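As a plain string of letters, each chain reads:
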Amino acid sequence: MDLIVSVDENWGIGNHGRLLVKISADLKRFRKMTTGNIIVMGRKTLESFPDGKPLPNRVNIVMTHKQDYTCEGVIVCHNIQEVLKQIAKDVKKYVFIVGGSSIYEQFLPYCERAYVTKVYQTFIADTYIKNLDKDYHWKLIEQQPMQEENGMKYAFLTYENQQYQQNAVKKKIV
């Protein structure tokens, strides 16, 4: 399971239910990585998608506290355990955590990698993700060259969960 997110310099991810910025290369990367796989999100993230509909060609799982929540084309779960049971049913597909803030926070320990698009600018944000540069469990393992689109500089970064790696090694030894 991996996490995919776009952040600004303060690790802001959104404002008033919308992305801080839309970069076409980032959206293409997101589409390429998640198509054909499983994406896990919160209800508000789903509602921020075009027309509030699930993304095509993916298994869309929504985790929400609302017990009566339904939406056509999504699998609704109410806690982490339900999500984990659901994704275990389809081991051929890869799982990406796609937001929002609460979902990222809850699933961070379960993620092996984090694919981060870092925008080197600061925006007005009301939603954030944990700064992986300041979390000793996470290590930057790849930084692609800086790019620019519409005057915004950004780079694709990959972080690895060192705690996940240690647990994987322990499981192999046992």
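Scroll up to find the structure this text is about.
Reading the values: the criteria
- Numbers given for residues are sequential positions, taken from 1 along each chain in its written order.
- For a predicted model such as this one, the threshold for reporting local features is a pLDDT of at least 70, and the threshold for listing and counting side-chain atom pairs is 80 or more; totals across whole chains, interfaces and linings nevertheless cover every residue.
- Excluding hydrogens and water, the side-chain figures rest on all heavy atoms present in the structure.
- Helix and strand assignments come from DSSP, with helices taken as H or I runs of at least 4 residues and strands as E runs of at least 2, each series counted from the N terminus.
- Disulfide assignment relies on a single distance test, namely cysteine sulfur atoms paired within 2.5 Å.
- The cut-offs for exposure are 20% and 50% of the maximum accessible area for each residue type, with area from a 1.4 Å probe on protein chains only; residues under the lower value are buried, those over the upper are exposed, and the others partly exposed.
- Each pair of strands is called paired provided DSSP finds at least two bridges between the two strands.
- The arc in question is the one traced by the directions running from the helix axis out to the C-beta atoms.
- We call two residues in contact whenever any of their non-hydrogen atoms come within 4.5 Å of each other.
- Seen with its strands pointing away from the viewer, a crossover is right-handed if its path from the first strand over the helix to the second goes clockwise.
- Asp and Glu are treated as the negative residues and Lys and Arg as the positive ones, with His and the ends of the chain left uncounted.
- Salt-bridge detection follows one rule: a side-chain nitrogen of Lys or Arg within 4 Å of a carboxyl oxygen of Asp or Glu.
- Any N or O atom pair separated by 3.5 Å or less is treated as a polar contact, with the protein-specific requirement of one donor-capable and one acceptor-capable atom, and with residues adjacent in sequence counted only for side-chain atom pairs.
- What counts as a ring pair is set by centres within 6.5 Å for rings of Phe, Tyr and Trp (its six-membered ring), and what kind of pair is set by the plane angle: stacked under 30 degrees, edge-to-face over 60, tilted for all other angles.

K.L.:
Sorry, what's going on with the environment of E112 here?
P.N.:
Its place among the elements puts E112 in the loop between α4 (101–107) and β8 (113–119). Sequence separation between E112 and V21 is 91 residues; the distance between their C-alpha atoms is 26 Å.

K.L.:
Hey, could you run me through the state of the cysteines in this one?
P.N.:
Two cysteines form a disulfide when their sulfur atoms are joined by a covalent bond. For the structure on display, the rule yields zero disulfides. With no disulfide of its own, C71 lies closest to C77 among cysteine sulfurs, the gap being 13 Å. On the basis of relative accessibility, which here comes to 2%, the residue C77 falls in the buried class.

K.L.:
Would you mind showing me how to read the sheet that holds strand β9 (residues 127–128) here?
P.N.:
The strands that make up a sheet are held in pairs by hydrogen bonds between backbone atoms, and each pair lies either parallel or antiparallel. Spatially, β3-β2-β9 is the arrangement adopted by the three strands of the open sheet, whose pairing is antiparallel. With one partner strand each, in any of the chains shown, β3 (18–19) and β9 form the two edges of the open sheet. Examined bridge by bridge, strand β2 (residues 12–15) and β9 share two bridges and lie antiparallel to one another. Counted as the bridge partner of G14 is T127 from β9.

K.L.:
What is the right way to look at helix α1 (residues 24–34) in this model?
P.N.:
The periodicity of an α-helix, 3.6 residues per turn, causes residues three or four places apart in sequence to face the same way. Among the residues making up α1, those that are buried are D26, R29, F30, M33 and T34. One side of α1 carries all its buried residues, which in axial view fall inside an arc of 110 degrees. Structural note: α1 exposes K28 and K32 on the side pointing more than 90 degrees away from its buried face. Where α1 is buried, its residues contact β1 (2–7), β4 (38–42), β7 (95–99), β8 and β12 (152–161). Once α1 ends, the next one or two residues include G36, with phi positive near 85 degrees.

K.L.:
What is the right way to read the pairing of strand β5 (residues 59–63) from this model?
P.N.:
Two faces belong to every sheet, and in a regular strand the side chains alternate between them. Where burial is concerned, most of β5 is hidden: four out of the five residues are buried. Looking at chain direction, β4 and β5 are connected through five bridges and run parallel. Each residue of the ladder has a partner; that of I38, found in β5, is V59. In this fold, β4 hands off to helix α2 (residues 43–48), which returns the chain to β5; that crossover is right-handed.

K.L.:
Teacher, can you tell me more about the environment of L20 here?
P.N.:
Within the secondary structure layout, L20 lies in the loop between β3 and α1. For the pair formed by L20 and I39, sequence separation is 19 residues and the distance between their alpha carbons is 20 Å.

K.L.:
What should I look at first to understand the side chain of R58 in this one?
P.N.:
Among the secondary structure elements, R58 is positioned in the loop between α2 and β5. Buried R58, no salt bridge; nearest opposite-charge side chain is D26, N-O distance 12 Å. Among the polar contacts made by the side chain of R58, one reaches the main-chain carbonyl oxygen of P56 at a distance of 2.6 Å. In contact with R58, not counting residues within four places along its chain, are R31, T34, T35, G36, N37 and I39.

K.L.:
What exactly am I supposed to notice about the packing of aromatic side chains here?
P.N.:
For any pair of aromatic rings, the description consists of the separation of the ring centres together with the inter-plane angle of the planes. Applying the stated criterion to the full structure yields four aromatic pairs. A ring pair is formed by W11 and Y159, whose centres lie 6.0 Å apart and whose planes are at 65 degrees; its orientation type is edge-to-face. Taken as a pair, W11 in the loop between β1 and β2 and Y159 in strand β12 lie far apart in primary sequence, 148 residues in all. This pair shows no difference in class: W11 is buried, exactly as Y159 is. Both rings, one in Y154 and one in F156, keep their centres 5.7 Å apart while their planes meet at 65 degrees; by these two values the pair is edge-to-face. Accessibility expressed as a relative area gives 2% for Y154, which makes it buried.

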